[in-house]
Each structure stands twice: as C-alpha cells, then as structure tokens.
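Letter by letter, the chains look like this.
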Amino acid sequence: MTSRRRFLRDASLAVVGAAAVERTSLAALPDAASRSDASTAKPLAPPNGRPYRPVATLNGWTLPWRMRNGVKEFHLVAEPVVREIAPGMQANLWGYNGQSPGPTIEVVEGDRVRLYVTNRLPEATSVHWHGQRLPNGMDGVAGLNQRAIAPGQTYVYEFEAKRPGTFMYHPHADEMMQMAMGLMGFWVTHPKDPSFMPVDRDYVFLINAYAIDPGTRTPRVNEMTDFNLWTWNSRAFPGIDPLVARQGDRVRIRIGNLTMTNHPIHLHGHEFKVTGTDGGWVPPTAQWPEVTTDVAVGQMRAIEFDATEPGDWALHCHKSHHTMNPMGHDVPTMLGVNQREIAKKITRIIPDYMAMGETGASMNGMEMPIPENTLPMMTGTGPYGPIEMGGMFTTLKVRQDLPRDSYRDPGWYRAPRGTVASPWQGSTSALPSTHRPPASAGKTGVKS
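- The protein goes by Copper oxidase in an unreviewed UniProt entry, where it is assigned to Pandoraea oxalativorans.

**Some words on the layout of surface pockets**
Rolled over the atoms, a probe as big as a water molecule pinpoints where empty space is left.
Reasoning step 1: As a volume, the second largest pocket reaches approximately 540 Å³.
Reasoning step 2: When residues of the lining of the second largest pocket are traced back to their parent elements, those giving at least two are β21 (311-317), β23 (385-389) and β24 (393-399).
Reasoning step 3: Residues of the lining of the second largest pocket, tallied by class, amount to 14 nonpolar, six polar and one charged.

**Comments concerning the sheet that holds strand β10 (residues 185-190)**
Reasoning step 1: Sheet architecture is open: four strands sit in the order β5-β10-β9-β7, paired in mixed fashion. What marks the edges here is a single partner per strand, and that holds for β5 (105-108) and β7 (128-130). Averaged over all neighbouring strand pairs, the angle between strand axes comes to 25 degrees, with direction disregarded.
Reasoning step 2: Bridging between β5 and β10 involves four bridges; their strand directions are parallel. Each bridged residue has a counterpart across the sheet, and for Val-107 the counterpart in β10 is Thr-189.

**Overview of empty space enclosed by the protein**
Reasoning step 1: As enumerated under the stated definition, the model contains two cavities of 30 Å³ or more in all.
Reasoning step 2: Estimated volume of the largest cavity: approximately 60 Å³.
Reasoning step 3: Lining the largest cavity are 13 residues, and of these Thr-57, Pro-101, Gly-102, Thr-104 and Asn-233 sit closest to its centre.
Reasoning step 4: In terms of residue class, the lining of the largest cavity is built from six nonpolar, seven polar and no charged.
Reasoning step 5: By volume, the second largest cavity is sized at about 40 Å³.
Reasoning step 6: Gly-165, Thr-166, Gly-276, Thr-277, Gly-280, Trp-281, Met-300, Arg-301 and Ala-302 together form the lining of the second largest cavity.
Reasoning step 7: Class assignment for the residues of the lining of the second largest cavity results in three nonpolar, five polar and one charged.

**Let's talk about the packing of aromatic side chains**
Reasoning step 1: Applying the stated criterion across every chain yields a total of twelve aromatic pairs.
Reasoning step 2: A centroid spacing of 5.9 Å and a plane angle of 70 degrees characterise the contact between Tyr-203 and Tyr-407, whose relative ring orientation is edge-to-face. In this pair, Tyr-203 sits in strand β11 (residues 201-210) while Tyr-407 sits in the segment after β24, placing the two residues 204 residues apart along the sequence.
Reasoning step 3: Seen in terms of ring centroids, Phe-237 and Phe-393 are 4.9 Å apart; in terms of plane orientation they differ by 80 degrees. Their pairing is edge-to-face. With a gap of 156 residues between them, Phe-237 in the loop between β12 (229-232) and β13 (243-246) and Phe-393 in strand β24 connect regions that are remote in the sequence.
Reasoning step 4: Taken together, the ring pairs in this structure connect Tyr-96, Trp-129, Tyr-157, Phe-159, Tyr-169 and Trp-187 into an aromatic cluster.
Reasoning step 5: The aromatic ring of Tyr-407 is capped on one face by Arg-201, whose charged end is 4.9 Å from the ring centroid.
Reasoning step 6: Sitting over the ring of Trp-412, Lys-397 keeps its end group 4.4 Å from the ring centre.

Rules behind the numbers
Residues numbered from 1 in each chain as written. Predicted model: local features only at pLDDT ≥ 70, side-chain atom pairs only at ≥ 80, totals over all residues. Heavy atoms only, no water. 1 Å grid on protein atoms, 1.4 Å probe; cavity = no way out; pocket = protein on both sides within 12 Å on 5 of 7 lines; lining within 4 Å. Points joined across faces, edges and corners; volume = space filled by probe spheres on them. Helix = DSSP H or I, 4+ residues; strand = E, 2+ residues; numbered from the N terminus. Nonpolar A, V, L, I, M, F, W, Y, C, P; charged D, E, K, R; others polar. Pairing = 2+ DSSP bridges. Axes fitted to C-alpha atoms, helices over the stretch in contact; angles between N-to-C directions. Phe/Tyr/Trp six-rings, centres within 6.5 Å; stacked < 30°, edge-to-face > 60°. Lys NZ or Arg CZ within 6 Å of the ring centre and 35° of its normal.

Okay, here's the thing in structure tokens:
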C-alpha cells in the first residue's frame, strides 16, 4: 500500500519531471527536415560538433540536427508516406520525415542527444532506440517505459550516446502493424576517436519486407510469414542503387534486419570480415574471412573489406526467393510439360496467353502483361542481357578512376578484352550427345 509520505514524494517528483519535460517541450522545436527523393543522398558532413566520417545511406539520407547548449537536437515526424519501391511501383507506407525508412541519425560517442518525435499517424506510437544504453524511461516501449505518443502529440527523448556502433530505431506500440507499414530507421554512433577503425566508404541499409498484392499499394499488415517484397531500405531491385568504391578503398557496409526472418548476405568477388555486431566492435583476433554472413532478426552487422577487384560485383541475400519480386510465386511447376497443343486452344480464348515454364522460369528478356503498380518477378538488364533478379539484389561497383568522394553510379563495367566468359568455338562433334538419357538415381554403386 502506498504511504502518504511516499505518495507526496512521488507526486513531487512527478511535478518536477513534468516541469522539466514541459520546459524542454516548450522550447522552439528544431526543423523537421523532409525528403521524398528515393535516391542515395551524398553523405552529410557534420557542420558542427566533433568530427567523423559520415555514412552513405543506401537510397536514403541523414537527418540534419541543430546544436542547442551543447545538445544535438533532432526532430522526427512519424507520418504516412508514399515510397517508390522500384520504377513502376509505389507503396502507401508509414515512415519518418517523408520516407520509409526514416532518415539515418548520426551522432558521436559521448554526445548528449535530444530527439523530438511528433506523431502524425492515425494511431498512437512510440520510438524504441534499438541497442542503446540509456535511462529506462527513454527506451520507448509504450506502456512499460512511457505512455504512447497519441496522434498529434510531440514527445521528447533525451540521453547520452554512450557507445559507438550500429543501431536502429522503430516503434514499440502496435509494433507488428507499424513495422509492417515501414516505420523504422537507422542510427550510427561514431567513435569519439576518428582514427578508430577508419574506412573510406561507410554504407548503411535496413532489411525490410512487405506483403503487397499485385495491383494494390498498401501492405497486408497482418501477414506473419508470406511476404512477397524483399527490400533494402524499402527498395527492390532494380530500384536499389549500386554501392560504389574506388579501387583500393576500405569499405564498411552496416546492415540491420527488421524483417521476420534471417538473411544470408553474400558479396561476390571479395572476402570480408564481420567487424561489428549488436554489442559493438569485434576484436581483430576474433574476426575471420567470409563471403556470406547471416543477419538474424533484430540484429545489426558491420562488414569490412578492401575493394581491390575492379568490376560490377553482385551483393544480395542468398535466399533465392528473396531476390524475386511479387509476380508469379503461386504457380504450378510446368518444367518438362509440353504445353504447345493446349496453348493453341487457350489463345483462341485469351489471345495474350503465354505458355511458360516448360524449359525453366527464365523469360529470356520477354515482358508479359502484369497488373498496374507491381513489379516483374525477375527483371533488370545488364550489359550482357537480362539479369533476372528482384528484391534484395544490387551491385558493388569498383572503379580505379572513381573520384575519391564520388557516390555517382559510374555505369556498367567495361571488362578488359579476353576476360569475359564466351561461347566455345570448337567442333560440335566433340560435345556430349544431346540424346543421353538422364543419369539413373537410387543406386550407390557401392558393393560390399
């Protein structure tokens, strides 16, 4: 039972706390910058505060701040947004400051940070600062650490960015629906010592996923497992920008996973090391070379490598269905099924009918009619023809002559003569017979 003395003490503390928050809240709010362009913005050099090398947010940007009495102040606005997933498809999502995901927040270890959060959503929300060490009342779990932010309200969070590393922010009120709508963002706390683990390029992106039926624009927010749009920063190939690097650059890629499954991220042409996890930096003695690393649900990873090999190198999730777009998942297997006779009959009724799948799923560059506002299942064209990818796929473009701080797409790589795989020009009589029967299965050939 609460004693009268304890009640008066708690009431007094509540009044003091409310007054402190009110004074802060009544101060002029920092500008809530907004951006709708889905391209990768040039890294934002810090205009004040301690120096650091800024990150490049893939198909995103960094939120500007203001310094006020030694405190870095940011203003996030949670609101409905329209996001272009890739050319030809837009989605009605929820985001911060005009985009989903919201802008990246960059601070330096030891910075005092104040974040104003204005709710322009139709329901209450909150912000959880995923991975941060902070006062319990700033952790953002609605009902547990604070009251939810009602529509129209602005709340203030304030804490010290205690440790350097890679973090995320996302709602912790009606979390499943709000994250299914794309409400999330990235956070980077740079080390106070700029010489600690320096890199030439520092990329960041969030892994997210949506269930948006072809021809519609709003995600199915109650979907638990059957997502059909696998995206990085709410973009799907071919809408994801390439990562570019000058040959010899030290490159870091920071990845956060806010989907409901894991993602084995695979880089071609280079070996990398996992140098950062949720808990901080990995000591050099505990690092080992990889070409694929798994990023589990709710995890953050930082990988690093030297971009030594010029060319256009694939970077993608290695779950094959995560490199596909929405169309055509729910179709029967037609491999080996001769459809020519039945196709003639169907085309009398449906002139545009196309028999597909007899020899494989490749479209060989052909396009087929698809509903409005959706994407082909496999798409994209490279210098040698169809790439036939979608979803979580992009390229790392390494160039010798790239300007040191340029993030511009240099175009397709021009491989030196004699270094591209090409058709064999010998006699066909030397080739294996095309009439060989399939190899029999079921016998091991091992005799006792």
